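# Examining the three-dimensional arrangement
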Amino acid sequence: MKRIEQPVVIVVFGASGDLSKRKLIPALYQLAYQNLLPANFTLLGFARTPYTDDEFRELAREGVTQYSTAGFDEHLWRWFSQNLFYMSGNYDDLESFQALAKRLEELDAERNTGGNYLFYLATPPSVFKPITSLIAETGLCCRTSADHLRRIVIEKPFGHDLESAKDLNQHLLNLFDEDQIYRIDHYLGKETVQNILVFRFGNGIFEPIWNRNYVDHVQITVAETLGIGDRGGYYDKAGAIRDMLQNHMMQLLALTAMEPPVAFDAEDVRDQKVNALRSIRPLDPEEVDQWVVRAQYGPGVSEGQEIPAYLEEKGVDPHSTTETYVAWKTEIDNWRWNGVPFYLRTGKALAGKVTEINIVFRKPPLMLFANLIANPNTQVPPSNVLTLRIQPDEGIRLTFDAKRPGPAVNVERVAMDFSYSESFGKDPGDAYERLLLDAILGDTTLFIRRDEIEVAWERITRILNGWKMQEEKAAQAGKRLRLPRYAAGTWGPKEADELLARDGRYWR
Ligand code: NDP
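Not measured: the values here are computed from a predicted model.

## A word on the environment of Trp507
Mapped onto the elements of the fold, Trp507 is located in the segment after helix H14 (494-501). Given the relative accessible area of 11%, Trp507 is considered buried. Setting aside anything within four residues of it in sequence, one finds Trp507 in contact with Gln219, Tyr325, Ala327, Tyr343, Leu344, Arg345, Ala496, Asp497 and Leu500. Only 3.1 Å separates the side chain of Trp507 from the backbone oxygen of Ala496, close enough to count as a polar contact.

Below you can see the structure in the form of structure tokens.
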């Protein structure tokens, strides 16, 4: 790839924070390492904390030394750091934004950055609206009439239910054009997630079997081993459904279920993702228990670490009904997937850290070898499973049964494996690297469009409404709702196993 020609100033709001230090600045440094940034690339951090440019550079240096995958190179750092600037101001204060406009003018004049600005909102969502209102009010980002690059990148969470997501969309679209708005979901920047599209539509042999005729069901798992740690205040308001399911997992589902796009460009890919999301069967909130399991972790040990019960974590309401685990069975009502359930599960404090999609194929029509399985660990009905492993050990694996060498017909489960690191000699790059590059280049393919986020929220809000109804019913009966528990360090509650067992299936 060639170095970006167009100069740009990236303005990071919330530049004093965790995301900026751990992800954004290291990702930009990694782009510099690959010689991809424009010659007069400029980053202007903006936050309330009063740092000088030098103090901000020191913070950035810590971030790069600790988190950059490119390693620390003193020579490169000297070039990179002299392009970093900082100013402090308030997110809801017109004067601060007038000062920002002035600073940007100065930087344009000094550094020949051509009035091209990419605004990155790396702050909590409570200040998304004031920041964007003031960006518009000060004329820093007008609708696409200007010949300059003027774009806004918005971090997650984008709303907390359908209504708030619509409200934020409306607010943004009153100020900017849709093609200036980059709603980020960093999962889409992961190589392995993008590879779902290449795997499906770049090869001839998988697509013909990627449908109800051959696929029995699909499982999508995002499992984490850690508890919520010191994020209790945030997590107790969000829960697994908002933290993972509404955004990252809906994206994985859309990419797995979508039809082939007409072309590999932003609108065509996103049109098909929206169609897939729209085909998700709308859940009747009254029936939430039939389709969704929610639970909280109890005490246990995960990765050798003692984890207290969720309700005893710091910052968590001891009567909280926020879920740390959710499993959802859904159906996709279209020609390709009719009758093929999709099971999604995610949770904290589970037995393993893994993100993967399992496509479980139908059994052979006649089970010739069903009673000949040699390995007691594979005493399960034969089925071919295609695993798209997003993390860790990124790769793809197809399991099938094979005859074990020897005079008897003994069957054993084996696998064909593709590993990213083995095939390409390096680990896939960081998601933020790719997404920042695309945002500078103006490619919105890997960002979420307005209708996509709203349809995802529409389906998820139905679940949230179902839970709200349950809580109201419990309160009316003078009871307190208690969620099912699972011990930290296990694979989740028994209710989630039962969700599949009812259909004669089990989690892979
Ligand atoms: P932080 O809590 O670190 O906040 C970033 C900065 O915003 C802080 O340094 C602070 O700067 C300012 N800030 C914090 N709280 C408030 C508040 N209540 N009102 C106004 N300003 C505030 O967040 P992160 O950096 O972790 O995340 C930023 C955004 O990115 C969030 O929306 C988060 O959901 C999202 N995100 C973060 C990820 C991560 O790994 N951290 C991963 C994926 C998404 P100051 O006080 O100097 O103004």
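## Structural notes on the packing of helix H1 (residues 18-33) against helix H2 (residues 53-67)
Axis separation between H1 and H2 bottoms out at 8 Å; the angle between their running directions is 80°. Between H1 and H2, the angle is such that the two are roughly perpendicular. Here Lys21, Arg22, Ile25, Pro26, Tyr29 and Gln30 of H1 lie close against H2, whose contacting residues are Phe56, Leu59, Ala60, Glu62, Gly63, Val64, Gln66 and Tyr67.

## Re the pairing of strand E15 (residues 395-404)
Relative to E15, strand E14 (residues 385-391) runs antiparallel, the two sharing 5 bridges. By the bridge assignment, Arg389 is partnered in E15 with Gly395. Taking the residues that link successive antiparallel strands as the turn, the E14-E15 hairpin has 3 residues, and the phi of Asp393 there is positive, at about 45°. Pairing between E15 and strand E16 (residues 410-419): 10 bridges, direction antiparallel. Bridging across to E16, Lys403 finds its partner in Val411.

## Considerations on the packing of aromatic side chains
Overall, the coordinates contain 26 aromatic pairs when judged by the stated rule. For the ring pair Tyr29 and Phe72, a centre distance of 6.4 Å and an interplane angle of 10° mean the geometry is stacked. One end of the pair, Tyr29, is in helix H1; the other, Phe72, is in the loop between H2 and helix H3 (74-81), with 43 residues separating them in the sequence. The rings of Phe13, Phe46, Tyr91, Phe97, Tyr117 and Phe119 are connected pair by pair, giving a single aromatic cluster. Against the face of Phe85 rests Arg57, its NZ or CZ located 5.3 Å from the ring centre. One Lys or Arg, Lys190, reaches over the ring of Tyr187 and ends 5.1 Å from the middle of that ring.

## Considering the sheet that holds strand E13 (residues 354-361)
Overall, mixed pairing links the 9 strands, which are arranged E16-E15-E14-E13-E7-E12-E11-E8-E17 in an open sheet. The open sheet has two edge strands, E16 and strand E17 (485-487), and neither has a second partner. Each adjacent strand pair in this sheet contributes to an overall mean axis angle of 20°, direction not counted. The pairing of strand E8 (residues 292-298) with strand E11 (residues 325-331) spans 4 bridges and is classified as antiparallel. Across the sheet, residue Arg294 finds its bridge partner in E11, namely Val326. Seen against the sheet, helix H7 (residues 191-201) touches E13, E14, E15 and E16 and runs at an angle of roughly 145° to E14.

## Focus on the site of the ligand
Taken together, the neighbourhood of the ligand is formed by 18 residues, with Ser16, Asp18, Arg22, Thr49 and Tyr91 sitting nearest. Residue Arg48 places a main-chain N or O atom 2.8 Å away from an oxygen atom belonging to the ligand. Lys156 is positioned with one of its backbone polar atoms (N or O) 2.8 Å from an oxygen atom of the ligand. Protein coverage of the free-state accessible area of the ligand, which is 870 Å², stands at 72%.

## Some remarks on the sheet that holds strand E4 (residues 117-121)
Ordered by their spatial adjacency, 6 strands build an open sheet running E3-E2-E1-E4-E5-E6, and the pairing between neighbours is parallel. The open sheet has two free edges, formed respectively by strand E3 (84-88) and strand E6 (181-183), since each of these has just one partner strand. Shown here is a sheet whose adjacent strand axes are inclined to one another by a mean of 20°, direction ignored. Note: E4 against strand E5 (residues 150-154), 5 bridges, orientation parallel. Paired with Phe119 across the two strands is Ile152, which belongs to E5. Sitting on the sheet, helix H4 (residues 94-111) touches strand E1 (9-13), strand E2 (42-47), E3 and E4, and the angle it makes with E2 is about 165°.

## A few points about the pattern of salt bridges
Summed over all chains, the structure comprises 34 salt bridges. Among the salt bridges present, the one from Asp18 reaches Arg22, with a minimum N-O distance of 3.1 Å. Highlighted residues: Asp18 and Arg22, both in helix H1, separated by 4 residues, approximately one helical turn. Judged by relative accessible area, Arg22 falls into the partly exposed class, the value being 33%.

## Section: helix H8 (residues 232-257)
Most pronounced at Gly239, the bend in H8 amounts to some 95°. Judged by how many residues are buried, H8 sits mostly within the fold: 22 of 26 residues are covered.

## Things to note about the side chain of Arg111
Positionally, Arg111 belongs in helix H4. Although buried, Arg111 forms no salt bridge, and the nearest oppositely charged side chain, Glu110, lies 6.2 Å from it. Separated by 2.5 Å, the side chains of Arg111 and Asn83 make a polar contact. For Arg111, the residues in contact, after removing those within four places along its chain, are Asn40, Phe41, Thr42, Gln82, Asn83 and Phe85.

## Structural notes on the side chain of Ser20
Here Ser20 shows up in helix H1. When neighbours within four sequence positions are excluded, Ser20 is seen to be in contact with Val12, Gly14, Ala15, Ile25 and Pro26.

## Concerning the layout of surface pockets
The computed volume of the second largest pocket comes to approximately 430 Å³. Along the wall of the second largest pocket there are 19 residues; nearest its centre are Glu356, Asn358, Thr387, Arg389 and Arg397. Those elements that provide at least two residues to the lining of the second largest pocket are E13, E14, E15 and E16. When grouped by side-chain class, the residues that make up the lining of the second largest pocket number 5 nonpolar, 5 polar and 9 charged.

## Some words on empty space enclosed by the protein
Scanning the model with the defined rule gives 3 cavities of 30 Å³ or more in all. Surrounding the largest cavity, 13 residues form its lining, Asp185, Gln246, Asn247, Ile448 and Ile453 being those nearest its centre. Broken down by secondary-structure element, the contributors of at least two residues to the lining of the largest cavity are H8 and helix H13 (450-476). It is H13 that provides the largest number of residues to the lining of the largest cavity, a total of 4 residues. Among the residues forming the lining of the largest cavity, the class breakdown is 7 nonpolar, 3 polar and 3 charged. Estimated volume of the second largest cavity: approximately 60 Å³.

Criteria and cut-off values
Residues numbered from 1 in each chain as written. Predicted model: local features only at pLDDT ≥ 70, side-chain atom pairs only at ≥ 80, totals over all residues. Heavy atoms only, no water. Helix = DSSP H or I, 4+ residues; strand = E, 2+ residues; numbered from the N terminus. Buried < 20%, exposed > 50% of the residue type's maximum accessible area, 1.4 Å probe, protein only. Contact = heavy atoms within 4.5 Å. Polar contact = N/O pair within 3.5 Å; in protein donor to acceptor, adjacent residues only side chain to side chain. Axes fitted to C-alpha atoms, helices over the stretch in contact; angles between N-to-C directions. Parallel < 35°, antiparallel > 145°, perpendicular 65-115°, else oblique. Pairing = 2+ DSSP bridges. Phe/Tyr/Trp six-rings, centres within 6.5 Å; stacked < 30°, edge-to-face > 60°. Lys NZ or Arg CZ within 6 Å of the ring centre and 35° of its normal. Near = heavy atom within 4 Å. Areas by Shrake-Rupley, 256 points an atom, 1.4 Å probe, with all protein chains shown as cover. Salt bridge = Lys/Arg side-chain N within 4 Å of Asp/Glu carboxyl O. Bend = angle between axes of the 7 residues up to and from the residue. Lys, Arg positive; Asp, Glu negative; His and termini not counted. 1 Å grid on protein atoms, 1.4 Å probe; cavity = no way out; pocket = protein on both sides within 12 Å on 5 of 7 lines; lining within 4 Å. Points joined across faces, edges and corners; volume = space filled by probe spheres on them. Nonpolar A, V, L, I, M, F, W, Y, C, P; charged D, E, K, R; others polar.

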